[in-house]
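# Chains, contacts and geometry: an overview
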Amino acid sequence: MRRGRPGAPSRGAAERTLTSVGTGDVGTAAAEAGTGDATARAAGRVVESSRLWHITLSVSGVEAPLREVRRALEQLAHDHPFLLTSRYANDHAEIRYWEEARDLHDAAAVALRLWGEHRSTANLPPWEIVGLEVIDRDTYHQRIAEGYGPPPASPVGVHPF
């Protein structure tokens, strides 16, 4: 798969188009398909498996009425029930949820688009993303077990700081 900006390439970038590279994870998808690793490799198929990533997205900006911020975050949670919890104040908010993605880069890319892509549909404040943490499931559970990191998202929902 080739990626690049639409339109003419920038000067000197013609030979530098980004290309997606597979991880070589054949086993999981081959097992799901009922074939062995050797069969999948012989067929030349490289199927990538996905993982769960814990996302914490922090946004902030000019003050907005608390009632409007809460309503917007509730609408976002309604539109996208994968959101675990949101905490908010009149000038910042934090959204925590699980994302399924092939790797950290994909999970981060989706998380960085979340606020902007849903700004108009959920009537979110015009705040900017000021923080992003993406950790895999094992790291999340290890931090919790060791007493580090944020406590598990409970209660689930939209709450003031």
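Scope of this entry: the structure provided in the associated data block. All values reported here derive from a predicted model rather than from experimental measurement.

What follows is about the packing of aromatic side chains. Geometry of an aromatic ring pair is reported as the spacing of the ring centres plus the angle between the planes. Applying the stated criterion to the full structure yields 2 aromatic pairs. Ring plane angle 80° and centroid distance 5.0 Å describe the contact between Trp98 and Tyr140, whose orientation is recorded as edge-to-face. With Trp98 in strand E5 (residues 92-101) and Tyr140 in helix H5 (residues 137-146), the pair connects residues that are 42 residues apart, well separated along the chain. On the accessibility criterion, Trp98 (23% relative accessible area) is partly exposed. Overall, the relative accessible area of 9% leaves Tyr140 in the buried class. For the pair Trp115 and Trp127, a centre-to-centre distance of 6.2 Å together with 5° between the ring planes defines the contact as stacked. Here the residue Trp115 occupies a position in helix H4 (residues 104-117), and Trp127 occupies one in the loop between H4 and strand E6 (128-136), the gap between them amounting to 12 residues. The pair formed by Trp115 and Trp127 is uniform in burial state, with each residue classed as buried.

With that out of the way, let us pick up the nonpolar core. Formed by 25 residues in total, the largest nonpolar core has its most connected members in Leu73, Ile95 and Trp115. Every element with two or more residues in this core is listed here: strand E3 (51-60), helix H3 (66-79), strand E4 (83-88), E5 and H4. Among the elements that make up this core, the one with the highest residue count is H4 (5 residues). Excluding its chain neighbours within four sequence positions, the residues that come into contact with Leu73 are Ser86, Tyr88, Ala93, Ile95, Trp115, Leu124 and Val158.

Cut-offs and rules
Residues numbered from 1 in each chain as written. Predicted model: local features only at pLDDT ≥ 70, side-chain atom pairs only at ≥ 80, totals over all residues. Heavy atoms only, no water. Phe/Tyr/Trp six-rings, centres within 6.5 Å; stacked < 30°, edge-to-face > 60°. Helix = DSSP H or I, 4+ residues; strand = E, 2+ residues; numbered from the N terminus. Buried < 20%, exposed > 50% of the residue type's maximum accessible area, 1.4 Å probe, protein only. Core = buried A, V, L, I, M, F, W, Y, C linked by side-chain atoms within 4.5 Å. Contact = heavy atoms within 4.5 Å.

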